[in-house]
Structure formats: structure tokens, C-alpha cells
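Spelled out, the chains give:
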Amino acid sequence: MSNAVEPRGLSKIGLQINGWLVYLFFYAPIVLLVIFSFSESRNVGKWGGFTLSWYEQFIDSSNARNALENSIKIAIVVTIISVILGTMSALALERFTFKGKRVFDALLYLPIIIPDVTMAVMLLLFFGEFFEILDNLFGIQLRKGFWSISISHIAFNISFVSVVVRARLAGMSTDLEEAAVDLYASRWKAFRHVTFPQILPGIAGGALLAMTLSLDDVVITQFVAGPGWTTLPVYVFGLIRKGVTPLINSISVIMLVSSMLLVGLSLLAERTRRGG
Amino acid sequence: MTAAVELKGITKKFGDVTAVDNVDLTIEDGEFFSLLGPSGCGKTTTLRMIAGLEFPTEGSLSIFGEEVGTLAPNKRSVNTVFQNYALFPHLTVLDNVGFGLKMQGVAKKETKERAMEMIELVQLAGLETRKPSQMSGGQQQRVALARALVNQPKVLLLDEPLGALDLKLRQEMQLELKKLQRDVGISFVFVTHDQEEALTMSDRIAVMHEGKLLQVASPEEIYESPANRFVADFIGRTNLLDGTTSDNETVVLSNGTSIRAQNTFPQGTKVSISIRPERTKITQRSESSDPLSSIQGTVETITYLGNARVYGVKFTWLSIEVREENRPGLEVFNVGDDVTVHWEHDAISVVED
Amino acid sequence: MRKRESTEHVVEVATPEFEKTAQKKEARRGLLMALPSYLYLILFFVIPLGIVLIYSFATRNRFGGTDLSGWNLESYERIAEPIVRTILFRSLWLAILTTVICLVIAYPFAYYLSTRKPAIRNVMLVFVMIPFWTNFLVRNYAWRVILGNDGPFTKVTEFFGLGTHELLFSQKAVVLGLVYGYLPFMILPLYAAIERIDGQLLEASRDLYGNGWQSFKNVLLPLSMPGVIAGSILVFVPSLGAYVTPEILGGAKTTLLGSYIVTQFLTARNWPFGAALSFVLMAVMLLMTIIYFRKGGRTL
């Protein structure tokens, strides 16, 4: 806020307390979870002495490791394709005019606002019908698995990536691209040497978002996963519904740490890029 | 000698809006040429068409005799200095300046040498490893100049390059640009809305308004002999007195006063008389002055400018501004004084509305 | 080395036809750039949506499969049944509750944030965002741990003499989980809107004898309304369709719309009904978003 007035007296104390409470609210559960993952007690919320056994159990559990592997593989494929398609969409919307542009713009927003559940149902029905048609027409028998999950993740991630890259593109003056062309660059070279370096932070942000959303996803993945194909969140979700055990604590903490690592890495990357 | 830039019948329409309306223009080689006019008059659009950043809707545009109107900008031997410089933020000054050479495929070593030469020419030596964000506005502007000139363009285009600078710096840069143009020798096409700037720097000025070209002439001619009312009003300060021609020597003002003003218009044409404030003299009310080149009036306002005084003199419902330099010994008048304002009859111009 | 003028072909004089052709070429380039995503979304989004619509008119046959031949409105009629209505209203109520609580907590926070110095502001924002980046499932699970039997929460309330509170598996727990999950979605738009306001306006209000509450009601609130609306929609929409949070924290007693829909597909095997419910849910979301944009909302 420009020319902001510093709060005084009672309101200042109230605001500060509210602020600290919010942060406490945010971080207490996470901190407690980490603490309890080292607890010896079979009861997940009780402290019973320090142990690493739950982490050992995770490493031993082939199901868990399998699920983790799948999550990562899917996330990588999904991120790469979503970033490419999302960036192209952003460029099309911000730098060009064409027939049907408004429809495209609206279409890109739909996956963002649609509730998880509806999208899960949509894709479940879609793959069901799609496989049936393939079977009836061509005798090809496909099953849900890696690709049904990946395709589903890409379907919503394109929109998210494009929103982030678009924001970056919109903030970038078209002067720069005009200057590049004025200085003898071809359209492609202008993109490569001027536009691309400028939107790179946006692309990186979009990539991070896509990866996070893919790694996080539960409902949609649950619906379009096939037998033998599960991702870590779906696996954990299943465990939780069966009954809470401390093993889940340790897996959760591992997931927590890896997301924080991802975020930390990207923040670092942005800082070096900005300073450089 | 072939003209550097020639526009014939150039028109640019954006949908229903005509931004540039049937412009014919010739820019000679080696001249400092300004496109002058208020915002939205089409001067920037015209410049962009020369650069190739817009294609004309109609007309012929040639550079040194070769038609280039529909040629892509990266194939024309002209370069542009943009209004906000458009320096590439992620590249150093050296890489910015060498960008055009790199795009043309010039070898790395030669690119670096030529870029450094240019950087020294604009007096930025030692700063080549900096990024644009680490430089002042004036420095950024020199980088933009160097980046354009290093490619040895046939014509340099400048889109209001001094707009973002503060007054003192702008005046310095005006002189520097003029000198640079003389040194480099190519034509500079300079877009501005500041008429004082155009008068200071240009060999010739083209005044534009609402897409149309109103007058192309030297600064003196534009100032002394404006082609129409808009030009007279836009350039410098002037008194515009409306009236009608009664013959080739006389114009009758709207309040009935007759003024001696030579003109070539048919009788009864609606015109305006343009009298520059500094070409008038103010004296105490006297009857001996030439009634056809003076008016009797009363001082209504006085503005003290330090180096001059501007008197607003009212006669009937019209008023006229008189600018008197603040010289010692010169008679000073007060509000309410009865005065006579005189001028030389050939110091005024008659323009059609 | 100077760039040579193009001499390979004759450069034509500009004409309106040339201009039109050039514009068409640009448009084609743009379309090509958008085409892959366009096609992808039509194939994997629009068509699936259409299939849901079709299924919602289908019938459930005896074996739990779907009979696509007999088109009817049974599934939609079922929505009016009392059981379903209860679930719908419960979900609606919890979503509204969540939104209001988020608003009440986030507004002072966002205001305070906007009055900080820029350097501190950025740090504070980063710390708000970090939990957001961590896994959603884990964050819900953390509350399950805390609110469970003999868990930390009830220990704390016992310590303060407030008695034993086994909050887990109740509507309160679900709201808690939803607020926890979506609070950043309220903070960020609110902060963005408040940040744009010139603090001098509040000072002027003070100068004209307004007290704190009046300044808030008559100046701050109206000016920050776009942020309030944006944040509310960003919290309300996912809360209404929430599935993971109610499943983990709500238990069997509190069935909400999200879980109800999923049940149709996994256990109850009434796909047409599930499809109808999903479609209605989506229609409500779409309606809210259109209202938001109509009210001049900015893009996300």
C-alpha cells in the first residue's frame, strides 16, 4: 500500500497477534507431523521415544517405493509436455490474433475452475468409452495406467502453465521483440534470443507448478489409474482410509521434505538468475 | 541525387481509423529531418512504416530508390532508436550493441571490435559489461544509439528518444545528437511532439496533424510562413486573429478593424492573421501610428518572465499578446494603461483556416 | 558487412490486399501455435465433459453398469430427493462457513501485510506460500494426527482446562481442514487488492473525523471489494467440491458432495447419477465464475 499508515496502539497489537497466529496455524501441523514421524508410539499422535523405524519401513516397503517411482516418472513426463503446450498457448494468446481466440482463451480457463471430482469423473468415463470404441473398431485393447494418468494430468496442467507464462509475457513490452527484428533478427531468432530469456522465469514457475500439481493429485489419479499403477499420494490416501499407522507419518514427511526441496531449488534458481 | 527516403501516397488504416492519410514525403540524404505533430497525428506510425514495423495500407515507400514498403523490417538497412530504448535487459551493454551484427552473422571477434568502437564513440567506454538496469536514462539512450548505428544503417530512425529525459539533459542530448548526425553523415528521421526541439535540431520539419501532412519546410520557413492556422498555432506562440480578406492587401478582423496584410486569397475568404508576440511593439496610446498595422487597446494582463514581459492587450473583444524583452530603459506598462500595439506589416502572415 | 536489400525478388508496392494477406499469415501462425493445446483440450476435456452430460441422462441397469439407450431425467430428479438435498445443503453450508472464516482471518492479515516495508513483505509472503507448495494430502493428514484420539489438540485443551475435545470426524474438523487448505487462496487476492489502495485515502478519512471502524467500512472495504470477491470465489469453489479433506477428516458421519459423487462410481455403482451430480457441481462453479468476471473481476 503506498503511503501506508502504521497501525497504532490496540489495533497494532491485534494485527500482530493475528499475524503470528496465522503463521502458527500454518506451520504447527507440519512441525508436529515431522516430530511424530520419529515417535516410537504406535499411536500416531503420541510421543513414545525417538526412532527411525517408520522411515526404515518406508524404505523396505516395495509398494511405497513403487508408488514413489511412478509419481516421479509421471510428474517428469507431465511437466515437460505441459510446459511446451502451455508456453505455446501463452504465446498464441499474448502475441497473436486469430479466429476462435476468445473461445480458446475461455477453454483454457475451464480446467482451472473445474472441481477435481468432476474432472475425475469426466476422464474416467472418457477412457472407459475410448477404450471400448478402440476395442470394438480395431480390436486394440488398452488399459488404464501410466498414459491415462499422464494424459489426465497434462489436461489440467496446460492451463496452469499458460496462466503463469502469460503473466510474464503480458508484462514484457513488445518493444523488445520489435527492436530485435529491427536489428535483423528473424522471427525465430528474436524468440530465441529475446523473448525466451525474458519469459524463462515464467516457464520455470509454470514447470514447478505443473510438477507440484501432478505430484499432489489424488482424486483424478485415483479414477484413471489402472491395476498395478498407483502414485504415492493415491497410495497414501488408500493407507489412510484403511487405518492410520505411523508409517504414513514417515511417508508424509518425506513428501513434505521433497516438495520443500523443489520449492527451495526454484527460489534459488530464480535468485541466481535475477542477480546474474 | 537519390533521396534517402521517399513516400508516395502512403496511407495506413487501422480498421476504420486512418492514421496516415495519403502522405507524400521526400527525405534527402544526410539531412536531419523531423516529423512533428501532436499525439495521434500519425508521425510515429509513419516512422514505423519506414522501419518496417508496420506495412502501409497503400502507397510506395522507397529507400535510396529501392521499393521496400512491403519488406520485412529485418531486411531493411534502417535501424530504430525506440522511445523507451528497448534495451535487452538480460544482455550486457556490449551484447546489446553487438546484437544486430550477431544477427547478421558477423564473426564474434569483429562484432566485439565494432561494438567496442561504437561504445567509445558514444562515450560509454568502461561500462560495456554493465546491464541496462544499472545505467542512467541518459546512458541507456547512448546504448540505444550505439546499438543502432553500429550496423551502419542507411537511415537512422528515432522515435521521441529524448522524451524520458529531464530538461537539462534533454537540451544537452539535442546538441549531441545534432553533432552526431553531422559526424556520421546519414539521414536522421526524428519524431517529436515538442516543436521547440524540432526547431532546434532539424534541417527540415514535416508538420503532421490527424494523419495528414500539413507542411514540409525549413524551421525558418515553418515559423515565419506557416501554411495554415494549425501550423501557425502549433509552432511557437502566436496571436491568431480571425477575419476575412477584403482584397489582396487588406484583411478585416471580426471586430471590424482593418489590417494591412498581403495575401493571395480571393475576396471574402475566412482567414486568420498570425502575429508573433515578439514581432510587436507596445507604446503609449498615440494616434500617429499607421492604423493598418496597429491597434489601440488596454493592458489587461502582465506576465513577468524574468527575461521578458508578456502583455495581454485587449481591443474590443479581441486580445493580442505582446512580448517585450526586459531591457533596461524600456518603458513598462501597468494593467489598465491605454496603449498602442504596432508591428511591421510584412512581419505577419495570413493563413487559411 | 551491411545487410543487402532483398534483390532475389521484386518488392511489391503496398496495397490493401497485401496488408490483408500479411494479416492472414500472422493469424495462421497464431492459430498453429495454439492448435496443439486446442486439440488436446477438445479431445481430453470437452469431449469427456460431453460424455458426462450424456451419461447423466442414462440409466443404471441391474448389474451396476450403464445403459445408454434409455434416455431419461431420473438422475436429475433424484437430486431433489431429501437425502441428496441434505448432502447438498450441508456441502453448501460448510463451503460458505469456510469462506467466511477465511475472510475474517485473512483480511486483517492481508491489511497488516500491506503496511509492512517491501523487504519484510516479501519474506512474509514467502512464508505464507511455503505450506501451500507442500503436498495437499499431507497437510490434511497432519490435522488428522493432531485431532485424533489422545492427540496433541486434545492434550492442549485438557491442559488449558477446556476439557477433552475429540474433534476428528466431525463437521468442525472438515471446516478446519478446508480453512487450513485454502486460506492462502484468500490471503493472496486480498493482499493484491489492498496493496493497490493508496494509504492516503485512509488518512483522509481520519482527517475527516472518521474513526477506525468507519474508515474500514466506508473506505477500505469498498476499495478492496474486488479482492474480497476473488478470494471468496477461490475458496468457495474448491470447498464446495472438496473430496480429500472430508474423506480424511470428516469420516462416515459427514457425507459431503465430493465423497457422495465418488461413492456413485466406486461402491454404489450408479454412474448416471454420479454424472448428473458432477455436472450440476460444475454448472454451479461455472455460474459463480461468470458472475465474478461480470463484476469486473481480474483474471487469476
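Rules used throughout
Residues numbered from 1 in each chain as written. Chains lettered and ligands numbered in written order. Predicted model: local features only at pLDDT ≥ 70, side-chain atom pairs only at ≥ 80, totals over all residues. Helix = DSSP H or I, 4+ residues; strand = E, 2+ residues; numbered from the N terminus. Buried ≥ 20, exposed ≤ 12 C-beta atoms within 10 Å, placed from the backbone. Contact = placed C-beta atoms within 7 Å. Pairing = 2+ DSSP bridges. Axes fitted to C-alpha atoms, helices over the stretch in contact; angles between N-to-C directions. Parallel < 35°, antiparallel > 145°, perpendicular 65-115°, else oblique. Left-handed = near helix turned anticlockwise from the far one by under 90°. Domains from an automatic or database assignment. Nonpolar A, V, L, I, M, F, W, Y, C, P; charged D, E, K, R; others polar.

Tallying secondary structure elements over chain B gives nine helices and 20 strands in all. When its C-alpha atoms are laid out on the principal axes, chain B stretches across 80 × 45 × 35 Å. Counting across all 353 residues of chain B, residues that qualify as buried make up 42%. Considering only intrachain contacts with a sequence separation of at least 6, the fraction spanning at least 24 residues in chain B is 63%.

On to the overall build of chain A, then. Along its length, chain A carries 11 helices and zero strands. For chain A, the succession of helices and strands along the chain, N to C, is α-α-α-α-α-α-α-α-α-α-α. Based on the C-alpha atoms only, the size of chain A along its principal axes is roughly 75 × 70 × 35 Å. Relative to its 276 residues, chain A shows a buried fraction of 43%. Of all intrachain contacts in chain A linking residues separated by at least 6 positions in sequence, the fraction that spans at least 24 positions is 76%.

Bringing the sheet that holds strand β12 (residues 250–253) of chain B into the picture now. Residues and elements named next belong to chain B. Taken in spatial order, the five strands make up an open sheet running β13-β12-β11-β14-β20, and their pairing is antiparallel. Strand pairing shows two members of the sheet lacking a second neighbour, β13 (258–260) and β20 (349–352), which therefore form its edges. The sheet shows a mean angle of 45° between the axes of neighbouring strands, direction not considered. Direction of pairing for β12 relative to β13: antiparallel, over a ladder of three bridges.

All names here are of chain B. Bridging between strand β16 (residues 294–304) and strand β19 (residues 338–343) involves five bridges; their strand directions are antiparallel. Bridging from a neighbouring strand, G297 pairs with V339 of β19. With six bridges joining them, β16 and strand β17 (residues 308–315) adopt antiparallel strand pairing. When the bridges of β17 are listed, T298 appears paired with K314. The hairpin turn running from β16 into β17, its antiparallel successor, is three residues long, and G306 in that turn takes a positive phi close to 85°.

The description of two helices packed together rests on the angle between their axes and the distance between the axes. All names here are of chain C. Interaxial distance between helix α8 (residues 199–207) and helix α9 (residues 212–240) falls to 10 Å at its minimum, and their mutual angle equals 140°. By the criterion of interaxial angle, the relationship of α8 to α9 is oblique. For the pair α8 and α9, the sense of crossing is right-handed. Contacts between α8 and α9 involve L201, L202, S205 and R206 from the first element and S215, N218, V219 and L220 from the second.

With that settled, the discussion passes to the domain arrangement of chain A. Domain assignment breaks chain A into domain 1 (1–30) and domain 2 (62–275). In this structure, domain 1 of chain A and domain 2 of chain A have C-alpha centres spaced 35 Å apart.

On to the interface of chain C and chain B. The partner chain B presents 18 residues to the 14 residues of chain C that form the contact. Taken together, the residues that form the side of chain C that touches chain B break down as seven nonpolar, two polar and five charged.

Attention now goes to helix α10 (residues 232–242) of chain A. Helical geometry note: an α-helix holds 3.6 residues per turn, so side chains three or four residues apart project in the same direction. Of the positions making up α10(A), those classed as buried are L232(A), P233(A), V234(A), Y235(A), V236(A) and F237(A). Remark: G243(A) follows α10(A) within two positions and exhibits a positive phi of approximately 155°.

Another aspect to go through is the packing of helix α3 (residues 62–95) of chain A against helix α6 (residues 146–170) of chain A. Residue and element names in this part refer to chain A. Across the interface, α3 lies against α6 with an axial gap of 6 Å and an inter-helix angle of 40°. Comparing their axes, α6 and α3 come out oblique. In terms of crossing hand, the pair formed by α3 and α6 is right-handed.

Further remarks concern the sheet that holds strand β2 (residues 17–27) of chain B. Residues and elements named next belong to chain B. Pairing is antiparallel across the open sheet formed by four strands, whose spatial order is β2-β1-β4-β5. Each edge of the open sheet carries a strand with a single partner, namely β2 and β5 (66–67). Examined bridge by bridge, strand β1 (residues 5–14) and strand β4 (residues 58–63) share five bridges and lie antiparallel to one another. For T11, the partnering residue across the bridge sits in β4 and is E58.

Attention now goes to the domain arrangement of chain B. All names here are of chain B. According to the domain assignment, chain B consists of domain 1 (5–229) and domain 2 (237–352). If you average the C-alpha positions of domain 1 and of domain 2, the two centres end up 39 Å apart. Counting residues at the interface gives four residues for domain 1, matched by six residues for domain 2. Of the residues belonging to the side of domain 1 that touches domain 2, the class tally is one nonpolar, two polar and one charged.

Take the environment of T92(B) next. Residues and elements named next belong to chain B. With respect to the element layout, T92 can be found in the loop between β6 (78–81) and α2 (93–97). Placed 39 residues apart in sequence, T92 and K131 show a C-alpha to C-alpha distance of 4.5 Å. Contacts of T92, omitting those with residues within four sequence positions, involve E128, T129, R130 and K131.

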